[in-house]
Amino acid sequence: MALVKKPVNGMKDILPAEMQVRDYVQSVIKDTYRSFGFTPIETPCMESIANLTNKQGGENEKLIFKVMKRGEKLNLETAETEADLVDFGMRYDLTVPLARYYSSHANDLPSPFKALQIGSVWRADRPQRGRYRQFMQCDIDILGEPSNLAEIELILATTATLGKLGFRNFEIRINERRILKAMAAYSGFAEESYDTVFIILDKMDKIGIDGVKAELAQAGFAESSIQKYTELFQGVADAEDGISYLAGALGEYLEEDIVTGMKEIADSVNACKAAEFELVFDPTLVRGMSYYTGTIFEIAMPEFGGSCGGGGRYDKMIGSFTGKDVPACGFSIGFERIILLLLESGFQIPEQPKKTAYLIEKGYPGEKLAAVITKAQEARKNGEQVLVVRMNKNKKFQKEQLTKEGYEEFVEFFNR
């Protein structure tokens, strides 16, 4: 059987030109996040299947690439359930691994702990533009900080990074899971039905308010609850200050400290932001992960037409490992979508070192070769990037390919 040259569907090979952009973007992300005090860490690409299927990952738990047991642990003849076959899974995000990491190493880490994690994750999703089965995530998280300082720092660090990469006029959409629950309770939905209501609400940007009404009715909810619920969203849309409107409309259903907290975040971010973006309160923002407990946020870019990252507060996850809750909040940049937008816009890496290629003719004397390499070494000491290669028969094509990789100057050495 012939070997397959193409990568697995939903995964991709990365050519040198894109790799240069990816490396540059990662360096900007790391440098900016370090300037905010975040510390790089790393976790394994696989986790215990029990950690990945603990009903906190929402729909992503259906997309896990599961890893079969190996050697003596795997007995296909006696296996009756999936638990007999599977013990590990490829991580579908970086948050669950971080929670396990922190629960294992908390005594060796500062409090609060500001973590920076960049790595690949895997989801058995349907591939489409900007969505892959293997993709890079760039996460920052603050563990052990219960106040709004965590949300403010996360939003400022993320937006500063996007600003340095040249993005302008994007939105950070923000909401609170407790606001979502208060709106549902006020409207008369039973608590056990909240997840169903929120799944339908999450489609608002695709099906509109009439579509949400229709799906809620189809799900069997009372017309009075549907009407009361959807009127709240219309009220927010018409109000100058959506949060204040909800505070008045929901009354005792919405705790005062939630409203105060959201306003503190907005006021601080708007006063201190270092990039051109708008912070927008969006009561339809749900975020699919069921582990979120408080503030949630998402990056919306008109160039992509969808989310380019998001995050929120997840104060209960670490407690699922240790039995003791630890306040936690994180923000993830959609790295692949950011790269896609930069490549589509013709992005050029600024302030690159000079790139020179030394092309050495075939048969060039060995006794002269050391002099060429020495010359290259001197140029490298001066900050240049120098490639030393043999000259191909089709020198014109060789130069064309090297030019695509950013080489600006060619020095040729002939056997004469």
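Residues numbered from 1 in each chain as written. Predicted model: local features only at pLDDT ≥ 70, side-chain atom pairs only at ≥ 80, totals over all residues. Heavy atoms only, no water.

Peer 1: If you had to explain the sheet that holds strand E3 (residues 66-68) to someone new, which residues and values would you point to?
Peer 2: An order of E2-E4-E3 is seen for the three strands of this open sheet, with the pairing classed as antiparallel. The sheet is open, and its two borders are formed by strand E2 (46-48) and E3, each paired with just one other strand. With strand direction ignored, the average angle separating the axes of adjacent strands in the sheet is 40 degrees. Note: E2 against strand E4 (residues 86-90), three bridges, orientation antiparallel. Bridged to glutamate 47 within E4 is glycine 89. (Pairing = 2+ DSSP bridges. Helix = DSSP H or I, 4+ residues; strand = E, 2+ residues; numbered from the N terminus. Axes fitted to C-alpha atoms, helices over the stretch in contact; angles between N-to-C directions.)

Peer 1: Tell me about the side chain of threonine 43, residues and numbers included.
Peer 2: Turning to its location among the elements, threonine 43 is positioned in the loop between strand E1 (39-40) and E2. Of note is the side chain of threonine 43, whose polar atom sits 2.4 Å from the side chain of glutamine 117. Among residues more than four places away in sequence, those in contact with threonine 43 are Arg91, Pro97, Arg100, Tyr101 and Gln117. (Polar contact = N/O pair within 3.5 Å; in protein donor to acceptor, adjacent residues only side chain to side chain. Contact = heavy atoms within 4.5 Å.)

Peer 1: Go over unusual backbone geometry with me, naming the residues and quoting the values.
Peer 2: Going from serine 111 to proline 112, the amide bond is cis rather than trans, its omega being 0 degrees. Position of proline 112 among the secondary structure elements: in the loop between helix H3 (95-105) and strand E5 (113-122). A positive phi angle is found at asparagine 169, which is not glycine, with a value near 55 degrees. As for its placement among the helices and strands, asparagine 169 is situated in the loop between helix H4 (149-164) and strand E7 (170-176). A relative accessible area of 58% places asparagine 169 in the exposed class. (Buried < 20%, exposed > 50% of the residue type's maximum accessible area, 1.4 Å probe, protein only.)

Peer 1: I'd love a proper account of the environment of phenylalanine 38, names of residues and values included.
Peer 2: As for its position among the elements, phenylalanine 38 is in the loop between helix H1 (16-35) and E1. Phenylalanine 38 gets classed as buried once you look at its relative accessible area, which sits at 3%. Distance in space between the C-alpha atoms of phenylalanine 38 and isoleucine 140 is 7.2 Å, their sequence separation being 102 residues. Setting aside residues no more than four positions away along its own chain, phenylalanine 38 makes contact with Tyr33, Lys114, Ala115, Leu116, Ile140, Asp141, Ile142, Leu154 and Ala157.

Peer 1: Outline the packing of aromatic side chains, supporting the account with residue identities and numerical values.
Peer 2: Considering all chains together, one arrives at 13 aromatic pairs under this definition. Each ring, one from tyrosine 24 and one from phenylalanine 347, has its centre 5.8 Å from the other, and the planes form 35 degrees; the classification is tilted. With a gap of 323 residues between them, tyrosine 24 in helix H1 and phenylalanine 347 in the loop between helix H12 (335-344) and strand E12 (355-360) connect regions that are remote in the sequence. Following the ring pairs from residue to residue traces out a cluster consisting of Phe189, Phe221, Tyr229 and Phe233. The ring of phenylalanine 277 is capped by lysine 273, whose NZ or CZ atom sits 4.9 Å from the centre of that ring. (Phe/Tyr/Trp six-rings, centres within 6.5 Å; stacked < 30°, edge-to-face > 60°. Lys NZ or Arg CZ within 6 Å of the ring centre and 35° of its normal.)

Peer 1: Let's hear about the sheet that holds strand E13 (residues 385-390): which residues, and what values?
Peer 2: Taken together, the three strands give an open sheet; going across it, the order is E13-E12-E14, and neighbouring strands pair in parallel fashion. Edge positions in the sheet fall to E13 and strand E14 (409-413), since each of these pairs with one other strand and no more. Shown here is a sheet whose adjacent strand axes are inclined to one another by a mean of 20 degrees, direction ignored. Pairing of E12 with E14, which is carried by five bridges, proceeds in the parallel orientation. Each bridged residue has a counterpart across the sheet, and for alanine 357 the counterpart in E14 is phenylalanine 410.

Peer 1: Give a description of the pairing of E12 that names residues and reports values.
Peer 2: Burial analysis of E12 places six of its six residues in the buried class, the great majority of the element. Burial along E12 is two-sided: the face carrying Lys355, Ala357 and Leu359 and the face carrying Thr356, Tyr358 and Ile360 are both buried. When E12 meets E13, the two strands line up parallel, connected through six bridges. Across the sheet, the residue bridging to tyrosine 358 is valine 388, located in E13.

Peer 1: Run through the state of the cysteines, naming residues and quoting values.
Peer 2: Counting across every chain of the model gives zero disulfides. Not part of a disulfide, cysteine 138 finds its nearest cysteine sulfur in cysteine 308, a span of 13 Å. In this model cysteine 272 remains outside any disulfide bridge; the closest cysteine sulfur is found in cysteine 329, 17 Å from its own. (Disulfide = S-S within 2.5 Å.)

Peer 1: Got a sec to walk through the packing of helix H5 (residues 177-187) against helix H8 (residues 223-238)? Specific residues and values, please.
Peer 2: Their axes nearest at 8 Å, the elements H5 and H8 cross at an angle of 140 degrees. Between H5 and H8, the angle is such that the two are oblique. Note that H5 runs across H8; the crossing there is right-handed. Here H5 contributes Met183, Ala184, Tyr186 and Ser187 to the contact with H8, which in turn contributes Ser225, Lys228, Tyr229, Leu232 and Phe233. (Parallel < 35°, antiparallel > 145°, perpendicular 65-115°, else oblique. Left-handed = near helix turned anticlockwise from the far one by under 90°.)

Peer 1: How would you sum up the environment of asparagine 54? Please name residues and give values.
Peer 2: Its place among the elements puts asparagine 54 in the loop between helix H2 (49-52) and E3. Along the backbone, asparagine 54 and lysine 5 are 49 residues apart, and their C-alpha atoms lie at a distance of 37 Å. With near-sequence residues (within four places) excluded, asparagine 54 lies in contact with Glu61 and Ser320.

Peer 1: Quick one: what's the story with the environment of phenylalanine 65, residue by residue and with numbers?
Peer 2: With respect to the helices and strands, phenylalanine 65 occurs in the loop between H2 and E3. You can call phenylalanine 65 partly exposed: its relative accessible area is 28%. Taking the C-alpha atoms as reference, phenylalanine 65 lies 30 Å from lysine 324; in sequence the two are 259 residues apart. Not counting residues within four places of it along the chain, the set of residues in contact with phenylalanine 65 comprises Gly89, Met90, Trp122, Arg123, Ala124 and Arg133.

Peer 1: So what about the pairing of E5? Which residues, and what values?
Peer 2: In terms of burial, E5 is largely enclosed, as nine of its 10 residues are buried. Pairing geometry for E1 and E5, over two bridges, is parallel. When the sheet's bridge partners are listed, proline 40 is paired in E5 with leucine 116. As paired elements, E5 and strand E6 (residues 134-143) share 10 bridges and run antiparallel to each other. What sits directly across from alanine 115, in E6, is aspartate 141.

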